[in-house]
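# Structural overview for review
Spelled out from the first residue to the last, the chains are:
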Amino acid sequence: MPRTLKFSLFALVLLGLVGGSVAYYAAQKSLTLTVDGQAREVRTYADTVAEVLEEEGLQPQAHDVVLPEPEASVSDGDAVVVTRARPLQLTVDGRPSEVYVTALSVDEALDQLGFRADGLVVSASRSERLPLDGMELSITTPKDVTLVVDGQQRVVTTTAGTVADLLAEQGVALSATDRTSMRPAQPLLAFMRLQVFRVQVAEVVETTSIPYRTVENEDPEAFEDDETVTQAGVEGQQATTWRVTVVDGVETGREQLSTAVAVAPVDELVTVGTKPRPAAPAAPAVATSSGGLNWAALAACESGGRPNAVSSTGTYRGMYQFSRSTWAAVGGSGDPAAASAEEQTMRAQMLYDRSGAGQWPHCGSRLFS
């Protein structure tokens, strides 16, 4: 082969090699890749954003933000931005949830989540950077709560997270027996109403009377129907212990704990005569029946004519000074001094018809005046 031909072929091959290399390098692109705010330059032959990310070992997740879209083509000088999402275990006013944010700091996360109000209480510094694997974040928002305590109701604006936190914030101390309308650990929400019930439990001793008994003893030396009190009756006292519950000044419960006799009653002792009375002496004009007798004169002598008269010993009662046993013997019931004047006169006439004027040994003669 002639030497000139050989040089010509060699030149053609060399030109092809140089041209291919130039074309290869010409196809390479220079891109700016920004990941979580950190920018760097990368060179690639990739045709799409997804291929660029794959070359760089980045695998976007569902909540990540990629601009342009992964399917978009890339050209020399383009910029690709990847912002990876961070999971937040978020608790807002006691209510937990999981959210994803592409923010790089706590302050940016609050802005993304829409918490822009003044007075927020956040569990982490606003300037703290969010780690890629996320973090726990608690937010307490200002809220209006109606507080009722010690008879006063007021609306307070608070960032307290729980009922217990609010009470501590407002300086409300609870005793061991006090109660609240909500549990101490319950999270506070706007427009809630919290009431404190002041509860007092105390033991109270009450004293009541114990009535005495009346004991009658027969006295054969005393005339029939004569009654004499030989020992005055005295009421006793009984002490009862109660456990009393008072809520906000109003008694709401009472439980009996014990009862005991503090002072025993003293029986009233009464002697009742059993000796028959002697017959009354005959009078010039003795009536044989109750009709036509001067009952008003008898009543005036016995009681001053007062239907409710009672003797000093309490034994004889009414206009005609009946004993209780004599009153009952002629059909009366209850207290003779409580009966009407008409009934007392009727019973006195019955007693006269049965036993004569001797029933009134001192005043019986007045019936014939």
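On a predicted model such as this, the values are computed, not experimentally measured, just so you know.

### Looking at the overall build of the protein chain
Within the protein chain, the regular secondary structure consists of 7 helices and 18 strands. Here the analysis covers contacts within the protein chain between residues at least 6 apart in sequence; of these, 53% occur between residues at least 24 apart. About 21800 Å² of surface is accessible on the protein chain, with carbon and sulfur atoms providing 53% of the total.

### Looking at the nonpolar core
Within the largest apolar cluster, 17 residues are counted, with the highest numbers of intra-cluster contacts made by Trp 295, Leu 298, Tyr 320, Phe 322, Tyr 352, Trp 360 and Leu 367. When contributions to this core are tallied by element, the ones reaching two or more residues are helix 5 (295-303) and helix 7 (341-355). Those residues in contact with Tyr 320, other than ones at most four positions away along the chain, are Trp 295, Leu 298, Ala 299, Glu 302, Gln 344, Thr 345, Ala 348 and Trp 360. The next biggest cluster of nonpolar side chains, apart from the first, holds 16 residues, and it includes Leu 88, Val 101, Leu 130 and Met 135.

### Section: the side chain of Arg 86
Relative to the helices and strands, Arg 86 resides in strand 5 (residues 86-92). On the basis of relative accessibility, which here comes to 4%, the residue Arg 86 falls in the buried class. Within the structure, Arg 86 has its side chain in polar contact with the side chain of Asp 36 (distance 3.3 Å). Not counting chain neighbours up to four residues away, the residues in contact with Arg 86 comprise Asp 36, Val 99, Tyr 100, Val 101, Ala 103, Leu 104, Leu 130, Pro 131, Leu 132 and Gly 134.

### Considerations on the sheet that holds strand 5
Strand order across the open sheet formed by 4 strands is 6-5-8-7, with mixed pairing between neighbours. Two strands lie at the open edges of the sheet, namely strand 6 (95-101) and strand 7 (121-122), each paired on one side alone. Inspection of the sheet shows strand 7 paired to strand 8 (residues 135-140) by 2 bridges, in the antiparallel sense. If you follow Val 122 over to strand 8, its bridge partner there is Ile 139.

### A look at the sheet that holds strand 9 (residues 143-149)
Strand order in the open sheet made by the 4 strands is 10-9-12-11, with mixed pairing throughout. Every other strand in the sheet has two partners, leaving strand 10 (152-158) and strand 11 (179-180) as the edge strands with one partner each. Two strands pair when backbone bridges link them, and strand 9 and strand 12 (residues 193-197) are joined in this way by 3 bridges, in the parallel orientation. The residue bridging Leu 147 from the neighbouring strand is Leu 194, located in strand 12.

### Digging into helix 7
Taking 1.5 Å of rise per residue, the 15 residues of helix 7 would be expected to cover 21 Å, and the 21 Å separating its terminal C-alpha atoms lies within 8% of that figure. Looking at helix 7, one finds that the buried residues are Gln 344, Arg 347, Ala 348, Leu 351 and Tyr 352. The arc enclosing the buried residues of helix 7, seen along the axis, measures out at 145°, which places them on a common side. What points out from helix 7, more than 90 degrees from its buried face, is the exposed set Glu 342 and Arg 354. Here the buried face of helix 7 lies against helix 5 and helix 6 (324-329).

### As for the packing of aromatic side chains
Counted under the stated rule, the structure contains 4 aromatic pairs. Aromatic pair Trp 295 and Trp 360: ring centres 6.0 Å apart, planes at 80°, arrangement edge-to-face. One end of the pair, Trp 295, is in helix 5; the other, Trp 360, is in the segment after helix 7, and 65 residues separate them in sequence. Ring geometry for Phe 322 against Trp 327: centres 5.1 Å apart, planes inclined by 75°, an arrangement best described as edge-to-face. Its relative accessible area of 3% is what places Phe 322 among the buried residues. In textbook terms, an aromatic cluster arises when at least three aromatic residues are bridged by ring pairs, as seen for Trp 295, Tyr 320, Tyr 352 and Trp 360. The ring of Trp 242 has Arg 254 sitting right over it, with the charged end atom 5.4 Å from the ring centre. The residue whose ring lies beneath Lys 275 is Phe 223, and the NZ or CZ to ring-centre distance is 4.7 Å.

Cut-offs used in this document
Residues numbered from 1 in each chain as written. Predicted model: local features only at pLDDT ≥ 70, side-chain atom pairs only at ≥ 80, totals over all residues. Heavy atoms only, no water. Helix = DSSP H or I, 4+ residues; strand = E, 2+ residues; numbered from the N terminus. Contact = heavy atoms within 4.5 Å. Areas by Shrake-Rupley, 256 points an atom, 1.4 Å probe, with all protein chains shown as cover. Core = buried A, V, L, I, M, F, W, Y, C linked by side-chain atoms within 4.5 Å. Buried < 20%, exposed > 50% of the residue type's maximum accessible area, 1.4 Å probe, protein only. Polar contact = N/O pair within 3.5 Å; in protein donor to acceptor, adjacent residues only side chain to side chain. Pairing = 2+ DSSP bridges. Expected span 1.5 Å × (residues − 1). Arc of directions from axis to C-beta. Phe/Tyr/Trp six-rings, centres within 6.5 Å; stacked < 30°, edge-to-face > 60°. Lys NZ or Arg CZ within 6 Å of the ring centre and 35° of its normal.

None of this, on its own, says anything about what the molecule does.
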